[in-house]
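Fold and geometry: a report
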Amino acid sequence: MKKYILIPVLAALSFSGMVAQDFDTDPVVKIQNEDVKFTVGARMMEDVAYYHSDFTPVKSGAALTDARIRTSMTYKDWYFYADFDFSKGKFAQKNLFLQYSLKRDHGIHAFKAGYYNNPASMGNNTSRGSLHFISRAAPVNAMSPGRELGLSYIFYNTHFFANQGIFAENMYNDQLAGFQGMTFGGRWLWRPINNENNTFHIGATFRYANIATGEVYNNTLMTEYTIGTSLETYVDPTKQFVTATMPWAKNVYDVTAELLYKNDNFFVRGEYMYKYVTKKRDDQTLFEANLGSIDSWGSLASWQKGNPLGSNKFHGGYVEAGYKIFGKAYQYSNSDGLLKGLDGKALEIVARYSYVGLNDIVSGERYVLGRDQYYPDGVLADYPATSLSIGGGNMHSATLGVNYAFNKFAQFMVSYTYNMLDRDKYAYDENFHTIQARLMFQF
């Protein structure tokens, strides 16, 4: 009787339209019918955090930071996955995809289509339920691509992994103006050591994005690109301290190098990230739109000189390590190129250092706090006052944590994080201290 009740429930969940992030654990609720298998699972995270800052307050407290339901269906070589998020009292769509796999002597070939993480990042492709830290590292939050609508080809075997695809950034094509924009992303790994007890991989990722969405400004399409990160926490996920916005962004190039080593009781992994953003605008149309106004210029060349346009570059990285005091051996996923989470009763200690650099300031330019603006050559002037500087903030972060898994379903995490901020806009803020804990349940 229970079997017949669960089948319609699963079907309803699978097509209800709610979606969330992928898990790397196997759901415990399964229904098998000849070649078809349905699964259902769930995850909950409850966080509590205390923050101490120099000047600008951050909101301490508790929050339900994750509440998700997942379903999947497997039929022969076909796999459908849907993930649902209803945390924070509202629905948010995450993963929804279909995958077809072929097994050959030299490895596995897979074709994937739907809405899921762009592969160009190790950190952002690791499920939150499998993280060994309460939050991903700040440079991952700020600089890694997220979920996009796309089509991917994946190949892997014991020693190699390749995942690449093309994507559209807006899954519903509901931007205010312009086109969806197109991205290409890929991640490629070599695993010279990969056996039951030890794994070492090195790899690289690349992503190109064409920014083609925005809003109409003075008869031309104005694009905009924003990146930022929280203070490596979710209770107050504000990005106000480390964020950069770039009007007229056109092309984004992301390059990352990564490495990972794990044995039964120890792991270390890290990434270095570099981002380059070019810009483009219709100068002629904007120049003509200002003719006759207080902002008009005598010629297009003089307008361009007074309104310079330049590219921006940012970088960051992190290294994190963990040591398991007791519990099952650390596991590695060949199909994803990722370290898995704790499995069963275990105790581990972890540490991480990260750096994110979103300051790209032209030498000699001066920031005026009262106007929230940089001025060329350090000269305070009302007109012109166009600057090429981006003062998004540089932040160093150090974290120490302890994780205890009661069993394969329930886990408790506690950590301390120190963030050191360098941003002209927050001249009185430099030190942020965070003590946080999490209770997580997933099946």
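Every value quoted in this text rests on a predicted model; they were computed, and no experiment measured them.

1. A few points about the pattern of salt bridges
Counted according to the given criterion, the structure contains 13 salt bridges. With its nearest N and O atoms 2.6 Å apart, the salt bridge here joins arginine 269 to glutamate 320. Note that arginine 269 is positioned in strand E16 (residues 266-279) and glutamate 320 in strand E17 (residues 312-326), a separation of 51 residues in sequence. Across this residue pair, the class does not change: arginine 269 and glutamate 320 are buried. One network of salt bridges, in which partners are shared, links Glu148, Arg207, Asp254 and Lys275.

2. Focus on helix H3 (residues 283-290)
Regarding H3, the residues found buried are Asp283, Leu286, Phe287 and Asn290. Projection of H3 onto a plane perpendicular to its axis shows the buried side chains occupying an angular sector of 100°, all on one side. At its buried positions, H3 is contacted by strand E12 (213-217), strand E13 (220-229) and helix H4 (300-306). One or two positions beyond H3, positive phi appears at glycine 292, with a value near 85°.

3. Remarks on the pairing of E16
Of the pairings in the sheet, the one linking strand E15 (residues 249-262) to E16 comprises 13 bridges and is antiparallel in character. Following the sheet pairing, alanine 249 is matched in E16 by lysine 279. Here E15 folds back onto E16 in antiparallel fashion, the turn holding three residues. Of the strand pairs in this sheet, E16 and E17 are connected by 12 bridges, and their pairing is antiparallel. If you follow glycine 270 over to E17, its bridge partner there is valine 319.

4. Some points on the confidence of the model for the protein chain
Here the protein chain averages 89 in pLDDT, and 93% of its residues register 70 or above. Scored below 50 in pLDDT, residues 1-21 makes 50 contacts in the model with residues more than four places away or belonging to other chains.

5. Describing a negative patch on the surface
A surface patch of like charges, here negative, comprises Asp54, Asp422, Asp424 and Glu430. Residue placement: aspartate 54 occurs in the loop between strand E2 (36-53) and strand E3 (61-75). For aspartate 54, a relative accessible area of 39% gives the class partly exposed.

6. Topic: the sheet that holds E13
As summarised here, the arrangement of the four strands in space is E9-E12-E13-E14, forming an open sheet in which the pairing is antiparallel. Of all the strands in the sheet, the pair left with one neighbour each is strand E9 (177-178) and strand E14 (242-247).

What counts and how
- Residues numbered from 1 in each chain as written.
- Predicted model: local features only at pLDDT ≥ 70, side-chain atom pairs only at ≥ 80, totals over all residues.
- Heavy atoms only, no water.
- Salt bridge = Lys/Arg side-chain N within 4 Å of Asp/Glu carboxyl O.
- Helix = DSSP H or I, 4+ residues; strand = E, 2+ residues; numbered from the N terminus.
- Buried < 20%, exposed > 50% of the residue type's maximum accessible area, 1.4 Å probe, protein only.
- Arc of directions from axis to C-beta.
- Contact = heavy atoms within 4.5 Å.
- Pairing = 2+ DSSP bridges.
- pLDDT = per-residue confidence, 0-100.
- Patch = residues over 30% accessible without salt bridge, like charges linked within 9 Å, V, L, I, M, F, W, Y side chains within 5 Å.
- Areas by Shrake-Rupley, 256 points an atom, 1.4 Å probe, with all protein chains shown as cover.
- Lys, Arg positive; Asp, Glu negative; His and termini not counted.
- Charge placed at Lys NZ, Arg CZ, Asp CG, Glu CD.

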